[in-house]
Structure formats: C-alpha cells, structure tokens
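Reading the structure
As a plain string of letters, each chain reads:
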Amino acid sequence: MVAAPPPATPVSDDVQTLLARAARGDAASEAALLARLRPAIRAFALRRLRGPEADELCQDVTLVLLEALRAGRVSDASALGAYALGICRTVARDRARQVERRAALWERYGQRDEASVDAGDDDARFDRAVLEDCLGQLTQRARAVIRHAFVAGSSNGDIARALNLSEGNVRVIRHRALAQLRTCLERPLVWETP
Amino acid sequence: MSTEPLDALDDYVSGAMDDDEAERFEAALFDSAVQEGAASAAAWLDRFRRSAVDLAARGTFDITYTLAEAQALIASSPLDILVIDAGAPPTTRETLERLEHHDLALFSFPVDLSGVAHVDLELGTVDHPCVVVLPDVKVDRDENRVLLCCEGELARRSLQQPFVTTVVAVEGQNRRVLGRFHHSDVRLG
C-alpha cells in the first residue's frame, strides 16, 4: 500500500552515551531518550486506542521503559527501538493485568518522575500564529478532516460518515493536508518574510 | 524528509494500513525515532497533533465563525478576545495597542452575502492585496458578516504592515469583490 520509513542507519554515539548515562541515573539523559521515543510510542498507542486510553498506554509504556533504562537493561543503542517496541506490544497485550502493575509503577516512579513521564505534552508545539496561518490556507473540507482526525481522534470511517466522503477520499485529503501543512510550517510567517 | 514517511505514518495511525504491514512498519518507526529524534515523522506528527488540540481548545482552529458561534466563544472562553468591527476608522496603531492585551482577535467584516455560494478571504498588503487566500470560508448569511477569529499574536504580527482583507464571492470561475477592508479602517469594538 505505502512505503515504510527508510531503512535504519547506524545509531549515533549520542544515543549510546545517553543510554550509559541513563543507566547511571542521569535524569537529563533519561529525558532525552524518552523524548526521542515518545512520538513513536504515541503513534503505536493511537493506532490501537483513542483519547485518554491512548494517553494512558503511552504513560504506562514510558514508565516501563524508564524502569528498564534505569536498570541498564538496554546497553546497545541499536537495540533501543526494538526494545521499546517490545515493551509497547507487551503492555498493549496485557492491558488488564497492567492496571495493578501501573499502580505499582506509579507508586515507585510516578511521583518523582511525573514530569518526565508526561513531558512533551506541553512543550515543542508549533508557533500558534504560524499554525493558524497554515490551517487557514487549507480548504474548509480539509480542515474539517484534519480536525476530526487529530483533535477529535475520529477514525477514517467516522470522518467519512460525518463529512459524507468515502474512506479513501478521507485518506487522500489527510495525506495532502499534512503534506501542505508540513511545508507551510517549515516557512516563517508569510507576513514576516522579507 | 520527504512526505512519504508521513503518509505511511498517517496510514499506520489511522488504521488504513493493514496489520501485517503495520507490524513491519513498527520496527522502522521505533528505529527512526531513536535515530532521528525530533526530525522523525513521528515527532512531527506528534507535535502537530498536540498543537492542533491546543489551537482547537483556544478557538482558533476553525478560523471563521457564524455570529452565534462567535458569541458562544466569547461567552465561554477564558481568553481575552478583542472584537474588531471592520467598518470605519481609526487606526492600526490603536489596534496594535489594544491587541497587546488580548489573546484572540475577532474581526467582523460586514458584506452583502445575498446569492453568494462561496466566499474566499484574500489577505495582503496595500501593495500586494492577495498574498494569502483563505478558501471557501464559513460565513454568516443571516447577519451578512464574515467573522474571522485569530490568535492575537498572529494579528499583531500581521498588522505590522498596511494590512488589507478582501472578501471575495466565488461563482464558478468568476471572483467578485464583496468588500475590501484596509486596517486603517478598523474600528475597535
């Protein structure tokens, strides 16, 4: 159907260094590693769940990953992605039993590390003015599709029914709108271009 | 990065990608997250999603409103909203001074919308009146108004130049100007 991301390239020494420091309890290194992985964890969760449940799965995976990093269970940077994916799959499979484990993990790590577990939810947003300017340049229909998909978290089927489109059409509109937004968001605000 | 990984990621997240392909995709997804960090497609999409949710919560995702929707936003929003009636003078300087103290700006453009099917907003400057087109915007036909809601920061940064908004009726290939509003014509509401 579509191409996968480009094949893996060797992991930089930076990640290897971060892993070693995280295993020694360095909080900044932990945070840097989690920041790299959090978007992939969130994508994994959003494929399976919506709304608060997806957030909860992200947090659970992050906690387990944090525990593993601190225990030095991942020593090879090239294995970190696969390790995190393994955690995601295990946690997703084991959601019921996870409730107890989650409480224990939060008790052990959550209080102290709430900021690092939830980090990324408040920072690294796009400039609101630029984003609004870019959204305004989408058609009303494309903006509605993007709103349903990324704000409401609706499935393509639900979006298709709500907007009287086919699912295939929703998919094409999403792709085109995201490409347009990505290009637009890389530019400065048009009014500030010399 | 090309947009192709973004398309694949969107198919993955939305469920358009089948499970077998998704399982293969996941390995590459996590590897690219480790290797590329903030430059990965996943990081971009995550940042976009959070930004879109934030904008929607503030009321500026939808750009244009009906009068009833605008009134509901004003009544319910914790943000300070400056209503700007684009009818008569005075000046941009005063607008900018007022905008310094507001989170959002709500511009109200009075135009005759009778018989008009679609409306574009053209934003520009006096010398270049059509720099950006907001296509097929929502309008309030009963009130004969186009209500444009934007971040105060966007308004402040845009109005640093002699800004012009043109309301255009779109009828097939024909474009008819319904109103042109120079921001020296802005009256503070």
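Let us look at the structure shown here. Just so it is clear, the model here is predicted, and its values are computed rather than measured. (Residues numbered from 1 in each chain as written. Chains lettered and ligands numbered in written order. Predicted model: local features only at pLDDT ≥ 70, side-chain atom pairs only at ≥ 80, totals over all residues. Heavy atoms only, no water.)

1. As for the overall build of chain A
To keep things clear, this is the line we draw: Helix and strand definitions follow DSSP, with helices as H or I runs of at least four residues and strands as E runs of at least two, each counted in order from the N terminus. Working definition: with a 1.4 Å probe on protein chains only, accessible area under 20% of the residue-type maximum means buried, over 50% means exposed, and in between means partly exposed. Contacts are assigned to residue pairs with any non-hydrogen atoms lying within 4.5 Å of each other. Exposure was quantified through the Shrake-Rupley algorithm and a 1.4 Å probe, taking into account, for residues, occlusion by the shown protein chains and nothing else.
Within chain A, the secondary structure is distributed over nine helices and zero strands. When its helices and strands are written in sequence order, chain A yields α-α-α-α-α-α-α-α-α. In chain A, which comprises 194 residues, the share counted as buried stands at 47%. Residue pairs at least 24 apart in sequence account for 66% of intrachain contacts in chain A once pairs closer than 6 positions are excluded. Looking at chain A as shown, the accessible area adds up to about 9500 Å², and 50% of this sits on carbon and sulfur atoms.

2. Considering the interface of chain B and chain A
Threshold: Put simply, buried area is the surface a 1.4 Å probe can reach on two separate parts but cannot reach once they are joined, added for both. Put simply, a salt bridge is a Lys or Arg side-chain nitrogen that is within 4 Å of an Asp or Glu carboxyl oxygen.
Facing 76 residues of chain B, the contacting portion of chain A comprises 68 residues. Both sides together, the interface formed by chain B and chain A hides about 6600 Å², and carbon and sulfur atoms give 61% of it. By the criterion of area lost to chain A, the three top residues of chain B are Phe30, Val34 and Arg157 of chain B, representing 12% of everything that side buries. Among the salt bridges present, the one from Arg125 of chain A reaches Asp54 of chain B, with a minimum N-O distance of 3.9 Å.

3. Quick word on the packing of helix H7 (residues 140-151) of chain A against helix H3 (residues 41-58) of chain B
This is how the line gets drawn: An axis is simply a line fitted to the C-alpha atoms; with a helix, the fit covers only the stretch in contact. Between two such axes, the angle follows the N-to-C directions and lies from 0 to 180 degrees. The cut-offs work like this: below 35 degrees is roughly parallel, past 145 is roughly antiparallel, 65 to 115 is roughly perpendicular, and the gaps in between are oblique. Think of it as three bins: nonpolar holds Ala, Val, Leu, Ile, Met, Phe, Trp, Tyr, Cys and Pro, charged holds Asp, Glu, Lys and Arg, and polar takes everything else, Gly as well.
Contact geometry for H7 of chain A and H3 of chain B: axes closest at 9 Å, N-to-C directions at 105°. One element, H7 of chain A, and the other, H3 of chain B, form an angle in the roughly perpendicular class. Contacts between H7 of chain A and H3 of chain B involve Ile146, Arg147, Phe150 and Val151 of chain A from the former and Leu45, Phe48, Arg49, Ala52, Val53 and Ala56 of chain B from the latter. Along the lines of polarity and charge, the residues of the contact of H7 of chain A with H3 of chain B split into eight nonpolar, no polar and two charged.

4. Examining the state of the cysteines
The condition that has to hold: Count a disulfide wherever a pair of cysteine sulfur atoms falls within 2.5 Å.
Counted under the stated rule, the structure contains one disulfide over all chains. Between the sulfur atoms of Cys134 of chain A and its disulfide partner Cys184 of chain A the distance amounts to 2.1 Å. The sign of the -85° torsion about the S-S bond sets the Cys134 of chain A-Cys184 of chain A disulfide as left-handed. Placement of the pair is Cys134 of chain A in helix H6 (residues 128-136) and Cys184 of chain A in helix H9 (residues 167-185), with a sequence separation of 50 residues. Free cysteine: Cys130 of chain B, not disulfide-bonded; nearest cysteine sulfur from Cys184 of chain A at 15 Å. Of the cysteine sulfurs around Cys150 of chain B, a residue in no disulfide, the closest is that of Cys149 of chain B, at 6.8 Å.

5. Side note on helix H2 (residues 19-36) of chain B
Residue and element names in this part refer to chain B. As a reminder of what qualifies: Helix span is expected to be 1.5 Å times the residue number reduced by one. Two axes enter the bend calculation: one fitted to the seven residues ending at the residue in question, the other to the seven starting there, and the bend is the angle between them. Here a polar contact is taken to be a pair of N or O atoms separated by no more than 3.5 Å, where protein atoms must pair a possible hydrogen donor with a possible acceptor and residues adjacent in sequence count only if both atoms sit in side chains.
Compared with an ideal rise of 1.5 Å per residue, which puts 18 residues at 26 Å, H2 spans 25 Å between its outermost C-alpha atoms and is within 8% of the ideal. Of all the bends in H2, the greatest, near 25°, is centred on Phe25. Two or three places before Asp20, at the start of H2, stands the capping residue Asp18, its side-chain oxygen 3.3 Å from that residue's backbone nitrogen. The first or second residue beyond H2 is Gly37, which carries a positive phi of 55°.

6. Quick notes on the pattern of salt bridges
All names here are of chain B. Overall, the coordinates contain 23 salt bridges over all chains when judged by the stated rule. Note that Lys138 and Glu69 form a salt bridge whose closest N and O atoms lie 3.1 Å from each other. With Lys138 in the loop between strand S5 (132-134) and strand S6 (145-151) and Glu69 in helix H4 (residues 67-76), this pair connects stretches of sequence that are 69 residues apart. On the basis of relative accessible area, Glu69 is assigned to the partly exposed category, the value being 32%. A salt bridge links Arg175 to Glu122; the nearest nitrogen and oxygen atoms lie 2.9 Å apart. With a gap of 53 residues between them, Arg175 in strand S8 (residues 174-182) and Glu122 in strand S4 (residues 118-125) connect regions that are remote in the sequence. Since its relative accessible area comes to 43%, Arg175 is described here as partly exposed. Residue classification places Glu122 among the buried positions, given a relative accessible area of 11%.

7. Looking at the pairing of strand S2 (residues 81-85) of chain B
Side chains on a regular strand alternate between the two faces of the sheet. Residues and elements named next belong to chain B. Defined as follows: Paired strands, in this sense, are two strands between which DSSP finds at least two bridges.
Most of S2 is tucked away: four of the five residues are buried. When S2 meets strand S3 (residues 104-110), the two strands line up parallel, connected through five bridges. For Ile81, the partnering residue across the bridge sits in S3 and is Leu104.

8. Some thoughts on the side chain of Thr60 of chain B
When you line up the elements, Thr60 of chain B lands in the loop between H3 and strand S1 (64-65). Owing to a relative accessible area of 0%, Thr60 of chain B belongs among the buried residues under this scheme. Within the structure, Thr60 of chain B has its side chain in polar contact with the side chain of Glu151 of chain B (distance 2.7 Å). Excluding anything up to four places from it in sequence, Thr60 of chain B contacts Glu132 of chain A together with Leu55, Tyr65, Leu104, Cys149, Cys150 and Glu151 of chain B.

9. Focus on empty space enclosed by the protein
Summary: where empty space remains is shown by rolling a probe the size of a single water molecule over the atoms. As a reminder of what qualifies: Here a cavity means grid points, on a 1 Å grid over the protein atoms only, where a 1.4 Å probe fits yet cannot get out; a pocket means an open set of points with protein on both sides within 12 Å along at least five of seven lines; lining residues are those with an atom within 4 Å of a point. Grid points are joined across faces, edges and corners, and a volume is the space filled by probe spheres set on the points.
Inspection of the entire model under this criterion finds two cavities of 30 Å³ or more. The computed volume of the largest cavity comes to approximately 210 Å³. For the largest cavity, the lining is made up of 19 residues, of which Leu123, Leu148, Cys150, Leu154 and Phe163 of chain B are closest to its centre. For the lining of the largest cavity, the secondary structure elements donating two or more residues are H6 of chain A together with S3, S6, helix H6 (152-158) and strand S7 (163-171) of chain B. Of the residues contributing to the lining of the largest cavity, the split by class is 13 nonpolar, four polar and two charged.

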